[in-house]
Amino acid sequence: MKATPLSNCERRFLLRAIEERKRLDGRQCYDYRNVRISFGADYGCCIVELGKTRVLAQVSCELVPPKPNRPTEGILFFNLELSPMAAPGFEPGRQSELLVKLNRLIERCLRNSKCIDTESLCVVAGEKVWQIRLDLHLLNHDGNIIDAASIAGIVALCHFRRPDVSVQGEEVTVYTPEERDPVPLSIHHMPICVSFAFFQQGTYLLVDPSEREERVMDGLLVIAMNKHREICTIQSSGGIMLVQDQVLRCSKITAVKVAEITELIQKALENDQKVRKEGGKFGFAESIPNQKITAFKMESAAVDTNNVEEQAEEIITKADPPSEVFAKPILHTPGTAQIGEGIENSWGDLEESEREEAAEEEGESEAAAFECREMETEDTSTMRETKKDEPIVLSDSEEEEVVILEPQELPKKTRTQTNSKQENTSKKAFNKRRKKKRAAR
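Novice: Pulling in residues and values, what's your account of the overall build of the protein chain?
Specialist: If you tally the helices and strands in the protein chain, you get eight helices and 16 strands. Across the 441 residues that make up the protein chain, the buried fraction comes to 33%. Long-range contacts, defined here as pairs at least 24 residues apart, represent 66% of the contacts in the protein chain between residues at least 6 apart. Only carbon and sulfur atoms are counted for the fraction: they give 51% of the accessible area of the protein chain, which is about 29,800 Å².

Structure follows, in structure tokens:
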């Protein structure tokens, strides 16, 4: 994801404000943003905030074989990461030109300035030395990454403690912090970077530019210096031509800013060491203000317990009466039930498919009963006709004999036969329908 570009109106507004010696955050041209340092629970972990720019630094160590050309010196490794969490324009897993430039500048500031005594990191010459690794993570980007990273790196190195070791013959023993106190690194001086932004080909100068000011600047000058006024490294980018007076003026400003920041770092380290010895609250927990949701300690609040009963009675009288409760369970239809005090639930209702099947079965049974009733009515009608006293006379034209049939026993036999036939046909039809339904399911 690309960073949101500045519009022409914003660009003109920023340049016009710089010409009038004004800045968006209310600072003067040579003012530095507030620097805040907070330490973690472990040694070598810290967060440095330069305004809204935040950098997390973590130092670690391990025993490794030394380099062949320097068998008595330890190894220093520096790594800066720009994550998308800091700004949407940073892509993970890809080294941009800005990242490469920042890593090189940090190495020149911390390694080439010889601020750390690498010979003190040697355990066994030519066999084992300490490798110190400094990881810097940009948490939020609001301009001037290099200054915040250099401060975070030197603070983490000063705060770090490596395990103590002992050598007996060829055996190397590494002690835990419980067995022996960790040993701090041997640091000669504290190089700190100060950035200067130039506008309109060096006509205007700003110290500690913000993220929006970096977008409209013409060039950048970075000077790394310690409190002894020794320049450790200097780098100019942007393709602007600087006069000697401009560089000297920037170096004088750098000396003042470096002295202030170095004093701030020393005070922060002393306070952290003092709190750790006293057993107080240290680490990131110290930086969390009170009276917030994330606070570890809240001030006790006084609670008035007088007239509690009277207040409770008033609340009860003002409250609404409870709703009516059904004493008996409600059973709507077979297959339904009720749970709770008077609350009707429909969890036991028949499903739609079961309802359809029950309706079909009822319709079929009604149809079968209707057919049986029709057959019975026909039988009764025939019986009524046969029950009459008039005999049935059969006559033949060829033979003039008359045969009289007495209809007393025959109607009973015919009725029983017709009833049995009707029942058999209705049963067969019902069985066929049931088989069809089962096959369809």
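Novice: So what about the nonpolar core? Which residues, and what values?
Specialist: Judged by nonpolar contacts, the single largest core of 70 residues is most densely connected at Leu110, Ile132, Leu136, Phe196 and Ile265. With 11 residues, the top contributor of residues to this core is helix 3 (residues 145–159). With near-sequence residues (within four places) excluded, phenylalanine 196 lies in contact with Leu205, Leu206, Val207, Gly219, Leu220, Leu221, Ile223, Cys250, Ile253 and Thr254. Core analysis: the next-biggest nonpolar cluster, separate from the first, contains nine residues, Leu14, Cys29, Phe199 and Val216 among them.

Novice: Talk me through a positive patch on the surface; I want residue IDs and the actual numbers.
Specialist: On the surface, Lys428, Lys432, Arg433, Lys435 and Lys436 cluster together into a positively charged patch. Position of lysine 428 relative to the elements: it lies in helix 8 (residues 410–440). For lysine 428, a relative accessible area of 56% corresponds to the exposed category.

Novice: I'd like a rundown of the packing of helix 3 against helix 5 (residues 244–278), residues and numbers included.
Specialist: Contact geometry of helix 3 with helix 5 gives a least axis separation of 11 Å together with a crossing angle of 35 degrees. As helix 3 packs across helix 5, the resulting crossing turns out to be right-handed. On helix 5, the residues that touch Ile151, Ile154, Val155, Cys158 and His159 of helix 3 are Ile261, Ile265, Leu269, Asp272 and Arg276.

Novice: If you had to explain the sheet that holds strand 12 (residues 204–207) to someone new, which residues and values would you point to?
Specialist: If you walk across this open sheet you meet the four strands as 12-11-13-14, and the pairing is antiparallel. Whereas interior strands pair on both sides, the edge strands pair on one side only; in this sheet they are strand 12 and strand 14 (231–237). Going across the sheet, the axis of each strand differs from the next one's by a mean of 20 degrees, ignoring polarity. Bridge count for strand 11 (residues 192–199) against strand 13 (residues 219–225) is seven bridges, and the pairing is antiparallel. Across the sheet, alanine 197 pairs through a bridge with leucine 220, a residue of strand 13. Along the sheet face, helix 5 touches strand 11, strand 12, strand 13 and strand 14 and points at about 140 degrees away from the line of strand 11.

Novice: Could you give an account of the pairing of strand 2 (residues 45–50), naming the residues involved and the relevant values?
Specialist: Here strand 2 lies mainly inside the structure; six of its six residues are buried. On strand 2, burial covers both faces: Cys45, Ile47 and Glu49 on one face and Cys46, Val48 and Leu50 on the other are all buried. The sheet contact formed by strand 1 (residues 35–39) and strand 2 spans five bridges and is antiparallel. Across the sheet, residue phenylalanine 39 finds its bridge partner in strand 2, namely cysteine 46. In this antiparallel pair of consecutive strands, strand 1 and strand 2, the connection spans five residues, and glycine 44 shows a positive phi of 90 degrees. Examined bridge by bridge, strand 2 and strand 3 (residues 53–64) share six bridges and lie antiparallel to one another. When the sheet's bridge partners are listed, cysteine 45 is paired in strand 3 with glutamine 58.

Novice: Describe the packing of helix 2 (residues 97–110) against helix 3, with residues and values.
Specialist: Relative orientation of the contacting elements helix 2 and helix 3 amounts to 45 degrees, with a least axis distance of 11 Å. Considering their axes alone, helix 2 and helix 3 lie oblique with respect to each other. The chirality of how helix 2 crosses helix 3 is right-handed. From helix 2, Leu102, Leu105, Ile106 and Leu110 reach across to helix 3, where they touch Ile145, Ile146, Ala149, Ile154 and Leu157. Looking at the contact of helix 2 with helix 3, its residues break down into nine nonpolar, no polar and no charged.

Novice: Lay out the pattern of salt bridges in plain terms, naming residues and giving numbers.
Specialist: Counting across every chain of the model gives 16 salt bridges. Notably, a salt bridge pairs arginine 70 with glutamate 73, separated by 3.8 Å at the nearest N-O pair. Bridged by salt links that share partners, the residues Asp25, Arg27, Arg33, Asp142 and Asp208 form one connected network.

Novice: Just give me the short version of helix 1 (residues 8–19), but keep the residues and values in it.
Specialist: For helix 1, built from 12 residues, the straight-helix expectation of 16 Å at 1.5 Å per residue is met to within 8% by its first-to-last C-alpha distance of 17 Å. Three or more residues of helix 1 are buried, namely Leu14, Ala17 and Ile18. Buried residues along helix 1 cover an arc of 100 degrees about the axis, so they all sit on one side. With respect to the buried face of helix 1, the exposed residues turned more than 90 degrees away are Asn8, Cys9, Arg12 and Arg16.

Reading the values: the criteria
- Residues numbered from 1 in each chain as written.
- Predicted model: local features only at pLDDT ≥ 70, side-chain atom pairs only at ≥ 80, totals over all residues.
- Heavy atoms only, no water.
- Helix = DSSP H or I, 4+ residues; strand = E, 2+ residues; numbered from the N terminus.
- Buried < 20%, exposed > 50% of the residue type's maximum accessible area, 1.4 Å probe, protein only.
- Contact = heavy atoms within 4.5 Å.
- Areas by Shrake-Rupley, 256 points an atom, 1.4 Å probe, with all protein chains shown as cover.
- Core = buried A, V, L, I, M, F, W, Y, C linked by side-chain atoms within 4.5 Å.
- Patch = residues over 30% accessible without salt bridge, like charges linked within 9 Å, V, L, I, M, F, W, Y side chains within 5 Å.
- Salt bridge = Lys/Arg side-chain N within 4 Å of Asp/Glu carboxyl O.
- Lys, Arg positive; Asp, Glu negative; His and termini not counted.
- Charge placed at Lys NZ, Arg CZ, Asp CG, Glu CD.
- Axes fitted to C-alpha atoms, helices over the stretch in contact; angles between N-to-C directions.
- Left-handed = near helix turned anticlockwise from the far one by under 90°.
- Pairing = 2+ DSSP bridges.
- Parallel < 35°, antiparallel > 145°, perpendicular 65-115°, else oblique.
- Nonpolar A, V, L, I, M, F, W, Y, C, P; charged D, E, K, R; others polar.
- Expected span 1.5 Å × (residues − 1).
- Arc of directions from axis to C-beta.

Function cannot be inferred from these measures alone, as they are strictly geometric.
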